[in-house]
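Structural description and commentary
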Amino acid sequence: MLPYILRRLALIIPTLFGIMVINFTLVQFVPGGPIEQIIAQLEGEGDVFERFAGGGADTNIGDRGDSYRGARGLPPEFIAQLEREFGFDRPPVERFFNMMWNYVRLDFGTSYFRSIGVIDLVIEKMPVSISLGLWSTLLAYLVSIPLGIAKAVRDGSRFDTWTSGAIIVGYAIPGFLFAVLLLVVFAGGSYFQIFPSRGLTSSQEVWDQLSPIGKVLDYLWHITLPVVASTISAFATLTLLTKNSFLDEIRKQYVMTARAKGLTERRVLYGHVFRNAMLIVIAGFPAVFVGVFFGGSLLIETIFSLDGLGRLAFEAAVARDYPVMFGTLFVFGLIGLVVGLISDLMYVWIDPRIDFETRET
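The paragraphs below set out a description of the structure included in this document. (Residues numbered from 1 in each chain as written. Predicted model: local features only at pLDDT ≥ 70, side-chain atom pairs only at ≥ 80, totals over all residues. Heavy atoms only, no water.)

1. Considerations on the packing of aromatic side chains
All told, the structure shown has 12 aromatic pairs when counted by the stated rule. With a centroid separation of 6.4 Å and 70° between ring planes, the pair formed by Tyr112 and Tyr322 is classed as edge-to-face. Placement of the pair is Tyr112 in the loop between helix 5 (92–104) and helix 6 (118–153) and Tyr322 in helix 16 (residues 322–350), with a sequence separation of 210 residues. You can call Tyr112 partly exposed: its relative accessible area is 24%. What makes Tyr322 buried here is its relative accessible area of 7%. Three or more aromatic residues joined by ring pairs make a cluster, and in this case those are Phe17, Phe24, Phe96, Phe97, Tyr112, Phe113, Tyr322 and Phe326. The ring of Phe159 is capped by Arg154, whose NZ or CZ atom sits 5.5 Å from the centre of that ring. (Phe/Tyr/Trp six-rings, centres within 6.5 Å; stacked < 30°, edge-to-face > 60°. Helix = DSSP H or I, 4+ residues; strand = E, 2+ residues; numbered from the N terminus. Buried < 20%, exposed > 50% of the residue type's maximum accessible area, 1.4 Å probe, protein only. Lys NZ or Arg CZ within 6 Å of the ring centre and 35° of its normal.)

2. A few points about the pattern of salt bridges
Applying the stated criterion across every chain, the model contains 9 salt bridges. In this structure, the salt-bridge partner of Arg251 is Asp155, at a minimum N-O distance of 3.8 Å. Taken together, the positions of Arg251 in the loop between helix 10 (212–250) and helix 11 (253–260) and Asp155 in the loop between helix 6 and helix 7 (158–172) put the pair 96 residues apart, joining distant regions of the chain. On the basis of relative accessibility, which here comes to 57%, the residue Arg251 falls in the exposed class. With relative accessibility at 38%, the residue Asp155 sits in the partly exposed group. (Salt bridge = Lys/Arg side-chain N within 4 Å of Asp/Glu carboxyl O.)

3. Section: the nonpolar core
The biggest cluster of nonpolar side chains holds 28 residues, and the ones touching the most others in it are Met20, Met99, Met100, Tyr103, Phe326 and Phe330. For this core, the secondary-structure elements that each account for two or more residues are helix 1 (2–28), helix 2 (34–42), helix 4 (76–86), helix 5, helix 6, helix 15 (309–319) and helix 16. Element by element, the count of residues in this core is highest for helix 16, at 6 residues. Dropping the residues within four chain positions of it, Phe330 is found in contact with Leu16, Met20, Met100, Tyr103 and Phe108. (Core = buried A, V, L, I, M, F, W, Y, C linked by side-chain atoms within 4.5 Å. Contact = heavy atoms within 4.5 Å.)

As structure tokens, then:
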């Protein structure tokens with residue numbers, strides 16, 4: 001197993017390097033850049049979100065022969081100073097390798113527009129994304145696995161039919177639309193005022209007065225609706241995946257043999273079928289966790305006024321805040337690759353018969 005782990009760890013390096021190369025190259029062809037953002041602010045054209053719908057600059061920041069939109073009237077020395085400060089006076093290839101060398105030394109730089117280190121900024125936004133990612137994944141697995149097993153055992157029954165209909169409807173509803181529905185119904189929109197409509201916790205004044213148990217309950221009270229909204233699609237997928245996986249195993253010969261030996265249905269199901277059927281379910285864990293943790297929370301964070309990593313990445317992309325863009329991409333890409341390796345190792349933990357070392361490569 002150790003050689004396999006070492007091979008996978010070695011593959012992380014070229015994979016991560018390829019991710020960074022592709023994204024850095026694409027950014028060089030995207031109109032606009034940090035200097036255009038500063039020029040727009042100096043000329044009173046508003047922030048990046050006001051300019052987003054109208055497009056960016058006509059020229060690429062990497063083209064030294066062109067001028068910047070809106071720069072007319074500004075001293076050339078001022079533009080040259082901005083380029084030196086942002087490092088745009090150097091060729092793109094040099095900037096890329098300098099960036100990667102800094103990342104290897106765990107130096108992710110400072111945000112162009114927030115005057116804060118990228119790591120400090122990520123740590124500041126991390127609680128929201130951890131809350132959404134962790135609780136959504138746990139809720140999806142804790143509900144989907146038992147429900148999928150129950151549907152497999154009762155395949156074709158009325159219970160299976162009704163729950164399948166509910167699951168398909170849940171899968172068809174976009175997460176952001178379900179979030180709006182939850183706000184309207186349960187957060188004082190038109191019907192009930194049961195849950196708060198925004199924030200991860202109550203205001204600082206209220207929070208400081210709560211007991212430790214009260215703080216936990218306040219946190220769970222605020223996070224309930226965002227977690228439910230972000231879980232709906234993963235819940236449907238995992239349930240049907242679990243059901244189909246168990247159905248495939250139940251129909252195999254070794255299950256019939258176990259039943260013929262007189263084992264109880266519960267012993268057959270959880271003692272023999274469970275390990276084999278759970279392999280494909282575990283394989284989907286990285287996609288569920290990483291997807292909810294990093295990519296799928298932007299709209300949920302916006303609707304519930306949560307300031308997490310999804311919103312941070314979007315704002316950095318719109319503002320062309322390159323240190324935040326590429327720093328978070330590097331960290332999140334690395335975490336995603338490591339989680340994929342952990343998922344493969346979980347295969348072995350669930351079923352010791354699997355041996356990655358003996359497979360043909």
